[in-house]
Amino acid sequence: MVDYHAANNQSSTGGVQTYMEQENDWDRDLLLDPAWEKQQRKTFTAWCNSHLRKAGTQIDNIEEDFRDGLKLMLLLEVISGERLPKPERGKMRVHKINNVNKALDFIASKGVKLVSIGAEEIVDGNAKMTLGMIWTIILRFAIQDISVEETSAKEGLLLWCQRKTAPYKNVNVQNFHISWKDGLAFNALIHRHRPDLIDYDSLRKDDPVTNLNNAFEVAEKHLDIPKMLDAEDIVNTARPDEKAIMTYVSSFYHAFSGAQKAETAANRICKVLAVNQENEQMMEDYEKLASDLLEWIRRTIPWLENRTQEKTVNDMQAKQEDFRDYRCVHKPPKVQEKCQLEISFNTLQTKLRLSSRPAFMPSEGRMVSDINGAWHTLEGAEKGYEEWILSEIRRLERLEHLAEKFHQKAAIHESWTDGKEAMLTQKDYETSTLSEVKALLKKHEAFESDLAAHQDRVEQIAAIAQELNELDYYDSASVNTRCQKICDQWDVLGALTQSRKESLERTEKQLESIDELYLEYAKRAAPFNNWMEGAMEDLQDMFIVHNIEEIQGLITAHEQFKSTLPEANKEREAIQAIQAEVQKIAQSNGIKLSGANPYTTITPESIDNKWEKAMQMVPQRDSALQEELNKQNSNDTLRAKFATQANAVGAYIQAKMEEIGRISIEMNGTLEDQLTSLKDYQDTIISYQPEINTLEGDHQLIQEALIFDNQYTSYTMEHLRVGWEQLLTTIARTINEVENQILTRDAKGISQEQLFEYRASFNHFDKTLQEGGRGTRRDHSGALQAEEFKACLISLGYDVENDKQGDTEFARIMSIVDPNGSGAVTFQAFIDYMSRETTDTDTADQVIASFKILAADKNFITADELRRELPPDQAEYCIARMAPYTGPDAAPGALDYMSFSTALYGESDL
């Protein structure tokens, strides 16, 4: 017989197999118990025939049909898949013994130590020895390889049965005899794997024969398991034969093991595909958000680059209000979208690294760097647009001032020239007396003086018109027309003046009587009258200033003008004295005056009237200058208020940026504690938003007051806006880094202590950059340079010393943590590498192996197989992406699961 205990002690090394350990209470004498022998004969015969039928034969009597050794050798060849030595075909006893010995030698070569079983006993038809030999074969080839959680074959088969039948009522598998008598355990095994074949709820525990027949018939018809026992054999025996039951159950195990493997393979593929589908959805979301943001930037930049000029200050201020609305209403949501885009990109890359997928490469033009570049262009356009609006407002203010000044001076000049051409072209001297001609000549001289005095005004008018043209005044055409008309008229007046003078001088020799006093009056009155007109023009002149210094300069000039008034009054009184002297002489000499000065049209009354009018304008000018001074003082108060708030906000932003940098390096507590602390810190920063809004309100008041400079602060609203946006982005990015570290820790199984150790090592080598002329410089840059990273690896025990082998290993590691060759290693890349060194992940080979199981060992898989083994959505996902299989063994509809699996891990393209 077989020594089962000896067979169980065989080592697996050296080609010797380990057998399942037999029960300690096994009694070989009981082998010939009639009931048990009958069960074994029937079970072993059916088991042998289930294999022999593959070779087209069978046995009827187990101890007779194996006596010549031929079918015994054939059985061993079928179940082992190996060729045995050629059998002897003779019918003599020696031939039969030799054939049986060949079979026994083959069994022994498989690690089975045969005890008390000889070829002679088999040839002689010894039933006990024959059944013991067949049981040995069943143990070796049907039961030995069964193992669940590293248990022995018998224990593994029992554990498998217990697990499969655990959910079923009235089933409690504890052994391979009594536990199977009611037939429910057989039915539960079938129902667990093929619920479509068994109506388990209809079975009754008190009807074992029906239960057993149902299970045996279903197994034979649908599972290709031959009927090895009759229901009566089991029911009518107090304790069914254990070997027979084990043999029968092992057939169920082998029938369902393929389905178990397929289920495991399908679960693995579902898990891998679920990760891939989630990542693809995140990629699609990123692409859409990036496209929408870039499209908004693309549409906004042309609006900011539009430099269409307006005609008035009000029109430009309306544009300024539109720009302020864009800044406060339309842009802030886009700032949030940009921040969310960066966070989504970083989270996606972390998930891809954790699932060993290739890094996500957005489509061309949608990289984070592309978005940042477009955003930088947008902010540049904003700055240029705001500067242009302010410069245009200044330009239009000056244009309106110059245009009003031009029309004022032009109106005064045109008023003065009115009638001058008619006066210069008259021929009154032809019929005048000598005294009258002489008077006309003197009058003409006074006119020339007046004409020369008006030359400055004409030049001023021309200069203002030229400046309006240079500043692109919208109504330059009408200004040029009016200026040209004045200049042309001025040339005509000059020519007519010269012509009249020549005519008068020709007759001057005949005119001797000159009234010197009238002449004196005319000569002094004309420039004085011109001075008064200029003074009145200056007193009515509009002014525009932007600070206290400019208005104080105007006030100083006005005070200087007022200081000249006493001297001017003396000149007025002197001119009036001349006229009084004329009246006195006339009265003294009895001369009857015509009532008008023949040499000038300027009367003493007109001088007094203009003087009185000028004196009324002086306090009006005082009041206007004082009002402007008050306005500039108010503007200065606005500057100071804005500066106080801006300096406080600027210092706050700078302090918080430095504190975030320190927190990101000196993290304390668990990652969850750090995340909570950072979010609380983020809430504190966000709560500062009202201060920013207050500052925006102050800035709006400054802009509405047309204040363009501020000596009290170096901060501008643009600088503070950018700083605030950078502060919000930095705290959000820091929180995202900690969240990704938590994701890495949970996915890779890294302990909190390991993360602290990695962070401490990283921070230690991040502190020192290199030694320079001023000693060691500290950077806390958040990234390790190549030499810093090498020093960190050496401190963690990696062999990357400065030798050829160490340099090669370090170059390999750098290619992993810095695939772009930037020369710097971030903390996230450092954590990914360290976690990759200590954890195991799915690989493309594992996924290929899983697909191969589903494909029944074929090099391709079909759509029907995918739909049968995988959930519908994931099956369709695979079918849509798998390329057709083109190998020599391809069948219609064959799909290439190998290239698909490698594409999942970035080793090829989908």
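Residues numbered from 1 in each chain as written. Predicted model: local features only at pLDDT ≥ 70, side-chain atom pairs only at ≥ 80, totals over all residues. Heavy atoms only, no water.

### Quick look at the overall build of the protein chain
Okay, so step 1: Scanning the protein chain from terminus to terminus reveals 33 helices and 6 strands.
Okay, so step 2: Evaluated residue by residue, the protein chain yields a buried proportion of 45% over its 910 residues.
Okay, so step 3: Within the protein chain, contacts between residues separated by at least 24 positions form 73% of all contacts whose residues are at least 6 apart in sequence.
Okay, so step 4: Split by element, the accessible area of the protein chain, about 45500 Å² in all, is 49% carbon and sulfur. (Helix = DSSP H or I, 4+ residues; strand = E, 2+ residues; numbered from the N terminus. Buried < 20%, exposed > 50% of the residue type's maximum accessible area, 1.4 Å probe, protein only. Contact = heavy atoms within 4.5 Å. Areas by Shrake-Rupley, 256 points an atom, 1.4 Å probe, with all protein chains shown as cover.)

### Some words on the confidence of the model for the protein chain
Any segment with low pLDDT has predicted coordinates that should not be analysed in fine detail.
Okay, so step 1: Here the protein chain shows a mean pLDDT of 80. Residues at 70 or above account for 88%.
Okay, so step 2: In the model, residues 510-514 has pLDDT below 50 throughout and makes 15 contacts with residues more than four positions away in sequence or in other chains.
Okay, so step 3: Counting contacts from residues 768-778, a segment whose pLDDT is below 50, to residues more than four positions away or on other chains yields 15 contacts. (pLDDT = per-residue confidence, 0-100.)

### Remarks on the pattern of salt bridges
Okay, so step 1: According to the stated counting rule, one finds 52 salt bridges in the structure shown.
Okay, so step 2: Across the pair Arg 299 and Glu 295 runs a salt bridge, and its minimum N-O distance is 3.6 Å. With Arg 299 and Glu 295 both in helix 12 (residues 242-305) and 4 residues apart, this pair spans about one turn of that helix.
Okay, so step 3: Arg 299 sits in the partly exposed class, given a relative accessible area of 49%.
Okay, so step 4: Residues Glu 386 and Arg 327 are paired through a salt bridge, measuring 3.9 Å at the closest nitrogen-oxygen approach. With Glu 386 in helix 14 (residues 368-417) and Arg 327 in helix 13 (residues 313-354), this residue pair connects regions lying 59 residues apart in the sequence. Comparing Glu 386 with Arg 327, the two get one shared label, buried.
Okay, so step 5: Each member of the salt-bridge network shares a partner with another, and the members are Arg 327, Lys 331, Glu 382, Glu 386, Glu 696, Glu 718, Arg 721 and Glu 725. (Salt bridge = Lys/Arg side-chain N within 4 Å of Asp/Glu carboxyl O.)

### As for the nonpolar core
Okay, so step 1: Among the nonpolar cores identified, the biggest contains 76 residues, and Ile 137, Trp 180 and Phe 186 are the most heavily contacted of them.
Okay, so step 2: Examining the composition of this core, we find that 11 residues originate from one element, helix 7 (residues 127-143), more than from any other.
Okay, so step 3: Residue contacts for Phe 186: discarding those within four places in its chain leaves Trp 180, Leu 212, Ala 215, Phe 216, Ile 245, Tyr 248, Val 249 and Phe 252. (Core = buried A, V, L, I, M, F, W, Y, C linked by side-chain atoms within 4.5 Å.)

### With respect to the environment of Phe 900
Okay, so step 1: On the secondary structure map, Phe 900 appears in helix 33 (residues 897-904).
Okay, so step 2: Judged by its relative accessible area of 1%, Phe 900 falls in the buried class.

### A short note on unusual backbone geometry
Okay, so step 1: In the Ramachandran plot, Ser 356 falls in the positive-phi region, its phi being about 60° despite a non-glycine side chain.
Okay, so step 2: For Ser 356, the location among the structural elements is in the loop between helix 13 and helix 14.
Okay, so step 3: Of note in the backbone geometry, Ala 856 takes a positive phi value of approximately 60° without being a glycine.
Okay, so step 4: Inspection of the secondary structure assignment puts Ala 856 in the loop between helix 30 (844-854) and helix 31 (863-869).

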